[in-house]
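Below are the chains, spelled out letter by letter.
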2 protein chains.
Amino acid sequence: MPSHAETTGSLAIVGLGPGKREYITPRALKAIASAGYVLGHSSYLVPLEPLLAGKQVISSSMGKEVDRAKQAIDLARNNHVAIVSGGDAGVYGMASIVLEVLEHEGADIAVEIVPGVTAANAAASRVGSPLSGDYATISLSDLLTPLEVIEERLDAIFRLGIPVVLYNPKSRGRPHNLALAMGLAAKHLGPDTPVAIVKNALRDDEETVVTTLGKIEQSMDAVDMHTTVIVGGRESRIWRMGDDVKGIITPRGYHRKYVY
Amino acid sequence: MPSHAETTGSLAIVGLGPGKREYITPRALKAIASAGYVLGHSSYLVPLEPLLAGKQVISSSMGKEVDRAKQAIDLARNNHVAIVSGGDAGVYGMASIVLEVLEHEGADIAVEIVPGVTAANAAASRVGSPLSGDYATISLSDLLTPLEVIEERLDAIFRLGIPVVLYNPKSRGRPHNLALAMGLAAKHLGPDTPVAIVKNALRDDEETVVTTLGKIEQSMDAVDMHTTVIVGGRESRIWRMGDDVKGIITPRGYHRKYVY
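So, here's what we can say about the structure. (Residues numbered from 1 in each chain as written. Chains lettered and ligands numbered in written order. Predicted model: local features only at pLDDT ≥ 70, side-chain atom pairs only at ≥ 80, totals over all residues. Heavy atoms only, no water.)

A short note on unusual backbone geometry
This is how the line gets drawn: Where helices and strands are cited, they refer to DSSP runs of H or I of at least four residues and of E of at least two residues respectively, numbered from the N terminus. Accessibility here uses a 1.4 Å probe with only protein chains present; expressed as a share of the type maximum, an area under 20% marks a residue as buried, one over 50% as exposed, and anything in between as partly exposed.
Here the phi dihedral of Asn168(A) falls at roughly 50°; this positive angle occurs in a residue that is not glycine. Even without a glycine there, the phi angle at Tyr92(B) is positive, about 50°. Its place among the elements puts Tyr92(B) in the loop between β4 (80-85) and α4 (95-105). Judged by relative accessible area, which is 14%, Tyr92(B) ranks as buried.

Notes on the relation of the copies chain B and chain A
The criterion, for reference: Least squares is the method for superposing the copies, and the C-alpha atoms it fits come from residues with pLDDT of at least 70 in both.
Aligned on chain A, chain B shows an RMSD of 0.0 Å; the corresponding rotation is 180° and the shift along the axis is 0.0 Å. In the structure described here, the two chain copies are related by an operation that fits a two-fold rotation axis. The position closest to the rotation axis in chain B is occupied by the C-alpha of Ala136(B), lying 2.0 Å away.

Considerations on the interface of chain B and chain A
To keep things clear, this is the line we draw: Note on contacts: a residue pair qualifies if any of its non-hydrogen atoms lie within 4.5 Å across the two residues. As used here, buried area is the combined drop in accessible area, with a 1.4 Å probe, of two parts when they are placed together. Take a side-chain nitrogen of Lys or Arg and a carboxyl oxygen of Asp or Glu: if they are within 4 Å of each other, that pair is a salt bridge. Side-chain atoms alone can form a polar contact between residues adjacent in sequence; in general such a contact is a pair of N or O atoms within 3.5 Å, and within protein one must be able to donate a hydrogen while the other accepts it. Throughout, the ten residues Ala, Val, Leu, Ile, Met, Phe, Trp, Tyr, Cys and Pro are labelled nonpolar, Asp, Glu, Lys and Arg are labelled charged, and all others, Gly among them, are labelled polar.
Facing the 78 residues of chain B at the interface are 78 residues of chain A. When the two sides are added together, the surface that chain B and chain A hide from each other amounts to roughly 6,900 Å², 58% of it contributed by carbon and sulfur. Taken together, chain B and chain A are joined by six salt bridges. With a shortest N-O distance of 2.8 Å, Asp134(A) and Arg153(B) are connected by a salt bridge. Linking chain B to chain A there are 22 residue pairs in polar contact (both at pLDDT 80 or more). The leading source of residues in the side of chain B that touches chain A is α4(B), at nine residues. Of the residues assigned to the side of chain B that touches chain A, the class counts are 38 nonpolar, 21 polar and 19 charged.

So, in structure tokens, the structure goes:
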């Protein structure tokens, strides 16, 4: 068994951003270009295809994250390996499980985490400026976090009145968590609180809905697992141009200091 | 006065990420390349210099955001304009004030917001995976938000026990807000709670410190206005390899479902 110092491989944990090539950083592309092995969910690998010629590509399906992390580490002992996530690899992505397994196995491999544009910022950019100040991101997936913990967090943050970005708002296995979250929001925030639904942010099939907490029920069917939902805070408001609803603005507070 | 439909300009509100070219998305570069006018704080414009030849460059200092927004909009009525922010333009960046002024002036200009890698994700990538699950971002600047509101938010979120990213942790005008925040954290979280200090994330002069809430006082002098501070949550822990402290892991919860 080689000592730690003898490992010759490397492992890059790479965030790809929202999906399209024009939102992938040069650093992320370089990490992929330098790798002999590229691992990731197939939906993230498809846009990379022109880059993957001559590489070993190991695509897997959702729910196999632990196996994928172990496989990446095994390969990275002697090879240059990139493991990719959508968005930022550190936010509901592969970074934590890879590092946990790495620590557990005591594998001293050179690791680089390459950050990417996370879904919160990608989605926000499509609906104005809803996250201009303090905000929280909460996942509605109860696969790894108990639902009562999610509810406690939502309740506390809606009470506080800062904007909340909901990741994983709906999937086949948990169709009701979004309605639950909206119910908790309505306990603390008025019906005019703006809500944005952004599906496939910055991809070709993008769809956005800007509505309010009072009317969200009419749009809830539009939400799927590729959607990010942004619930505004107490200071957020609809951004209008004439009669058109353009998005959400959460003012940073300049209006308290300046006249404009 | 021309009607709205007659405006011929455009306005891109562009997030540059942590600073170096390799973390700027191709979309952001393209928005700058297409612009005749580029506006921003001088520290963000310097790394772009090779791209700025032949353009009108208007650099300004911190604290002139309202004037810069107005100027960008005036120019964008008849010109292609890019206004740049560090990180993501929508997170404590220029997006909200530009949209507020745009709405107020009723200027119907084609606007694109180009997201970037925000400081939370850039900093996190340098210290493991501290933000793997739910988290909040809070600015300690009381220039635009009253200090008592910031305290209320910190108190509620530390109580909840999710990781918190502190933007603007310290500046000459508010040297004590960080100590205040750490005091609030210590009310709710144990002394072993990991804390990361990341100065100049992903830039040449980067410095990182990984410590704990119990020992943060010894490192507080390292924090300045170019620093992001990450306070772990109740589930976060120090990431070690042998005797080395490598960073912070906030487990996503796979350990509750899988053996690895």
